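Listed below, chain by chain, are the residues.
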Amino acid sequence: MKKYLFSLLAIIYSVCTFAYEGYGTCNVNGTSEYIEGTAYLNLSGSSISGNLVITNSCTRPLQSASINVTVDYSWKQKHTSPYDGGTVVNSFNKSVTLYNSRWTGNIAGLSSGNITLSGKLSLQSNAYAVEIESVNVSINNPYCK
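Now for a look at the structure at hand. Predicted, not measured: the structure shown is a model, and the values here were computed from it. (Residues numbered from 1 in each chain as written. Predicted model: local features only at pLDDT ≥ 70, side-chain atom pairs only at ≥ 80, totals over all residues. Heavy atoms only, no water.)

**Some remarks on the overall build of the protein**
Item 1. From N to C terminus, the protein includes one helix and seven strands.
Item 2. The helix and strand sequence of the protein, counted from the amino end, reads α-β-β-β-β-β-β-β.
Item 3. Expressed as a percentage of the 145 residues in the protein, the buried residues total 36%.
Item 4. Only carbon and sulfur atoms are counted for the fraction: they give 50% of the accessible area of the protein, which is about 8600 Å². (Helix = DSSP H or I, 4+ residues; strand = E, 2+ residues; numbered from the N terminus. Buried < 20%, exposed > 50% of the residue type's maximum accessible area, 1.4 Å probe, protein only. Areas by Shrake-Rupley, 256 points an atom, 1.4 Å probe, with all protein chains shown as cover.)

Next up, the structure:
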């Protein structure tokens, strides 16, 4: 019971402290059990950090999973037009992969675990209005559909 309460509190804390969230799930074939990966991220300048909570709703332990976490982001940049001297604002979009690996470990049945995430956004000089557009998480293992 303490494990469930701790996991619930960790998830609530993560939701309250991080500004951006994305998740992905995979269902275990022939059952109502699933594995879920939820990324909670925070943006500070061009640095992005947070964690990935892996929730194992299965009764058996989770020992490996293929996980990919990407972030789509945008920013704006101003410059002076060489033709008329006016201000021109350009918008840009890009994505960055924070995690793309086969995770191995041991998460007991009906429990969760964490992976720390961090990365840098590739921004041009004098970029402003930096926004995370979406956080994309995919999680899979051999037992999932």
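**Remarks on the environment of Gln77**
Item 1. Among the structural elements, Gln77 can be located in strand S4 (residues 62–80).
Item 2. Given the relative accessible area of 14%, Gln77 is considered buried.
Item 3. Linking Gln77 and Leu123, residues 46 residues apart in sequence, is a C-alpha distance of 9.7 Å.
Item 4. Excluding residues within four positions of it along the chain, Gln77 makes contact with Val88, Val89, Asn90, Phe92, Gln124, Ser125, Asn126 and Tyr128.
Item 5. Of the polar contacts made by the side chain of Gln77, one reaches the backbone oxygen of Ser125; its length is 3.0 Å. (Contact = heavy atoms within 4.5 Å. Polar contact = N/O pair within 3.5 Å; in protein donor to acceptor, adjacent residues only side chain to side chain.)

**Some words on the side chain of Asn141**
Item 1. As for its position among the elements, Asn141 is in the segment after strand S7 (127–140).
Item 2. One polar contact links the side chain of Asn141 to the main-chain amide nitrogen of Tyr143, over a distance of 3.0 Å.

**Here we look at the state of the cysteines**
Item 1. Scanning the model with the defined rule gives one disulfide in all.
Item 2. The disulfide bridge from Cys26 ends at Cys144, spanning 2.1 Å between sulfur atoms. Within this pair, whereas Cys26 is found in strand S1 (residues 20–27), its partner Cys144 is found in the segment after S7, the two being separated by 118 residues in sequence.
Item 3. The class of Cys26 is buried, set by a relative accessible area of 4%.
Item 4. In this structure Cys58 is a free cysteine whose sulfur lies 7.0 Å from that of Cys144, the closest cysteine sulfur available.
Item 5. According to the relative accessible area criterion, Cys58 is buried, its value standing at 4%. (Disulfide = S-S within 2.5 Å.)

**Focus: the side chain of Ser81**
Item 1. Positionally, Ser81 belongs in the loop between S4 and strand S5 (87–107).
Item 2. In terms of polar contacts, Ser81 uses its side chain to reach the backbone amide nitrogen of Tyr83, at 3.2 Å.
Item 3. Dropping the residues within four chain positions of it, Ser81 is found in contact with Gly86 and Val88.

**So, the sheet that holds S5**
Item 1. Strand order in this open sheet of three strands is S5-S4-S7, and the pairing throughout is antiparallel. Here the strands that pair on one side only, and so sit at the sheet edges, are S5 and S7. In this sheet, adjacent strand axes meet at a mean angle of 15° when their direction is disregarded.
Item 2. In terms of strand pairing, S4 meets S7 through eleven bridges, oriented antiparallel. Considered in S7, the bridge of Ser74 is made with Glu131. (Pairing = 2+ DSSP bridges. Axes fitted to C-alpha atoms, helices over the stretch in contact; angles between N-to-C directions.)

**Some words on the environment of Thr55**
Item 1. Position of Thr55 among the secondary structure elements: in strand S3 (residues 47–56).
Item 2. The exposure class of Thr55 is buried, given its relative accessible area of 19%.
Item 3. Measuring from C-alpha to C-alpha, the distance between Thr55 and Gly113 comes to 6.7 Å, with 58 residues separating the pair along the chain.

All quantities given are derived from atomic positions and should not be read as evidence of function.
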